[in-house]
Amino acid sequence: MRSIDVNEAIDQGRFGGFQWMVVALCGTLLIVDGYDVFVAGTVLPTLIAEWGLTKPQAGALQAWALFGMMFGALILGPLADRIGRKKGVAISFVLFTTATLLTGFANSPEQFKVFRFVAGLGCGGLMPNAVALMNEYAPRRLRGTMVALMFSGYSVGGMIAAGLGIGLIPGFGWKPMFLIAAVPLLLLPLVLWKLPESLGFLIRQGRQDEARRIFARISPSTVLAADDRLVFSETKGASASVAELFRHNRTLRTLMLWVSFFCCLLLVYLLSSWLPKVLQEAGYAERASLLSLFSLNFGGMAGAIAGGWMGDRFGLPKVVVAFFAAAAASIALIGLNPASGVLFLLVFVAGATTIGTQILLYASVAQLYNLSVRSTGLGWASGVGRIGAIVGPTLGGVLLARELPLGQNFLIFAIPAAVSALAMLVFALSNARTRDATQLAAA
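Residues numbered from 1 in each chain as written. Predicted model: local features only at pLDDT ≥ 70, side-chain atom pairs only at ≥ 80, totals over all residues. Heavy atoms only, no water.

Draft legend 1. Broad picture of the overall build of the chain. Looking only at helices and strands, the chain features 16 helices and 2 strands. The C-alpha radius of gyration of the chain comes to 22 Å, within 12% of the 22 Å expected for a compact globule of 443 residues. The dimensions of the chain, computed from C-alpha atoms along their principal axes, are 70 × 50 × 35 Å. The buried share among the 443 residues of the chain stands at 58%. Counting only contacts in the chain whose residues sit at least 6 apart along the sequence, the fraction spanning at least 24 positions is 83%. Entry remark: accessible area of the chain is about 16500 Å², with carbon and sulfur atoms responsible for 67%. Once the 33 positive and 21 negative side-chain charges of the chain are each reduced to a mean point, those two points are 2 Å apart. (Helix = DSSP H or I, 4+ residues; strand = E, 2+ residues; numbered from the N terminus. Rg over C-alpha atoms; globule rule 2.2 N^0.38 Å. Buried < 20%, exposed > 50% of the residue type's maximum accessible area, 1.4 Å probe, protein only. Contact = heavy atoms within 4.5 Å. Areas by Shrake-Rupley, 256 points an atom, 1.4 Å probe, with all protein chains shown as cover. Lys, Arg positive; Asp, Glu negative; His and termini not counted. Charge placed at Lys NZ, Arg CZ, Asp CG, Glu CD.)

What follows is the structure, given as structure tokens:
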């Protein structure tokens, strides 16, 4: 009888059609997720005008979906460690697509808040589960690139929201932007049919037959005898508890990741919620302000893919530090009220180094924790980040209500990026110190 380590087999094997299918399915789910998140920023100016909202009220309205995301990440991330990633993904997908569709029938801010909160629960649960699933099926040498490629779907969803907003909102209002969510529901049967369960989860549950069927698709050249057993090298880790995130010299790194998540998501949702409105008030046309949201997400997609590729070669922490430094500079420069061409370039860089870096942070968390607590680690990091996401739109509304000069607003917006750069620098130094100590002990 042989014991075959599937983790080792995936790391040493080629990246084949089965793994590309996982990338495609998870990427498609995140396109829908990204649309749901960024559609709020496209309709915000219209909601302010139609419902007579003040800027702080509009910021609070946006925050309800983000409250839902926080609870979704904290609940559905750890839940998937117990019921399986596939079920976690399916539950999250149904929640946010159905609630987004119902948002199109909202006739008051109160109804809007309820539906957006439920949609947020699903969005918050999908991200950590999709990242954990992709992280498991990708070889270590390609892990950052594949997670980033999958997560670029999030930015594609934002670009679709901006593009549809330009075409639909002037003629039909904001409601069709949410009614379109009925279309992605047609994907649910495909997700349930094709998306694989986590191999590690199946092995922990003793479901060897199901695990063998999936492993045969990953490594068709490996012939399994009847008495061979599949094992996962991390299967016997600690239970999925929050305390485990702070053991094994991970306390400082966990805290620094949480700080970075908080500041990064604050920036992502601050910009995605308020950028079109701020630019309209600064004198840019409505079409140009919505195109800036497209540019922000296009930058996010490019930054995620380029950052994942660079992270696999130079180390994710170094790349993340550099990206956050670039984010601080580009956001501050937007406040100089540049010409449209320069504006779109700066917004592109800001998107690459905030939305793109958010994706790299998820990959960093997935690499820090072992399988048994990976979804818990991702869920808690994402949940802490969601607090920043809630603060972002609310802070934006309060700041804009004070009518500060444009340059001063964007200097304030750049501060979280600078804090994130410092936090990830501490993380990188701690990571290197831990790695050196481990190598010394082994020697």
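So that's the structure; there's more coming.
Draft legend 2. Seen up close, the pattern of salt bridges. This model, assessed by the stated rule, comprises 4 salt bridges. A salt bridge links R247 to E244, with the shortest nitrogen-to-oxygen separation between them at 2.9 Å. The salt bridge partner of R250 is E244, with a shortest N-O separation of 3.5 Å. Comparing R250 with E244 shows no difference in burial state: the two are buried. Here the residues in one salt-bridge network are E244, R247 and R250, joined through shared partners. (Salt bridge = Lys/Arg side-chain N within 4 Å of Asp/Glu carboxyl O.)

Draft legend 3. Fine view of unusual backbone geometry. We note that H248 has phi near 60 degrees; this positive angle belongs to a residue other than glycine. If you check the backbone angles, N249 has positive phi at about 60 degrees while not being a glycine. Its place among the elements puts N249 in the loop between strand 2 (229-231) and helix 11 (251-281).

Draft legend 4. Spotlight on the confidence of the model for the chain. Here the chain averages 86 in pLDDT, while 98% of its residues score no lower than 70. Here residues 235-239 is modelled with pLDDT under 50, and outside its nearest four sequence neighbours on either side it reaches 9 contacts, counting other chains as well. (pLDDT = per-residue confidence, 0-100.)

Draft legend 5. The packing of helix 2 (residues 17-51) against helix 5 (residues 109-137), seen in detail. Packing of helix 2 against helix 5 brings their axes to within 10 Å, and their N-to-C directions diverge by 155 degrees. The angle between helix 2 and helix 5 places the two elements in the roughly antiparallel class. Relative to helix 5, the crossing made by helix 2 is left-handed. Split into classes, the residues belonging to the contact of helix 2 with helix 5 amount to 20 nonpolar, 1 polar and 3 charged. (Axes fitted to C-alpha atoms, helices over the stretch in contact; angles between N-to-C directions. Parallel < 35°, antiparallel > 145°, perpendicular 65-115°, else oblique. Left-handed = near helix turned anticlockwise from the far one by under 90°. Nonpolar A, V, L, I, M, F, W, Y, C, P; charged D, E, K, R; others polar.)

Draft legend 6. A look at the packing of aromatic side chains. Enumeration according to the criterion identifies 17 aromatic pairs in this entry. When the ring of F38 is compared with that of Y154, the centres are 5.5 Å apart and the planes differ by 65 degrees; the resulting orientation is edge-to-face. Here Y154 lies in helix 6 (residues 143-172) and F38 lies in helix 2, a separation of 116 residues in the sequence. Here F38 and Y154 have matching classes, each one buried. With a centroid separation of 6.3 Å and an interplanar angle of 75 degrees, the aromatic rings of W64 and F117 are classed as edge-to-face. Of the two residues, W64 is situated in helix 3 (residues 55-83) and F117 in helix 5; the sequence distance between them amounts to 53 residues. The rings of W51, F112, W174 and F178 are connected pair by pair, giving a single aromatic cluster. Directly above the aromatic system of W193 lies the positively charged group of K194, at a separation of 4.2 Å from the ring centroid. (Phe/Tyr/Trp six-rings, centres within 6.5 Å; stacked < 30°, edge-to-face > 60°. Lys NZ or Arg CZ within 6 Å of the ring centre and 35° of its normal.)

Draft legend 7. Structural detail: the packing of helix 4 (residues 85-103) against helix 5. Between helix 4 and helix 5, whose axes approach to 7 Å, the crossing angle comes to 150 degrees. Taken together, helix 4 and helix 5 sit at an angle that is classed as roughly antiparallel. Considering the relative orientation of helix 4 and helix 5, their crossing is left-handed. Among the residues making up the contact of helix 4 with helix 5, the classes are represented as 15 nonpolar, 7 polar and 3 charged.

Draft legend 8. Layout of a nonpolar patch on the surface. A surface patch of nonpolar side chains, amounting to about 370 Å² of accessible area, comprises W64, F67, F71 and I75. In this structure, F71 sits in helix 3. (Patch = residues over 30% accessible without salt bridge, like charges linked within 9 Å, V, L, I, M, F, W, Y side chains within 5 Å.)

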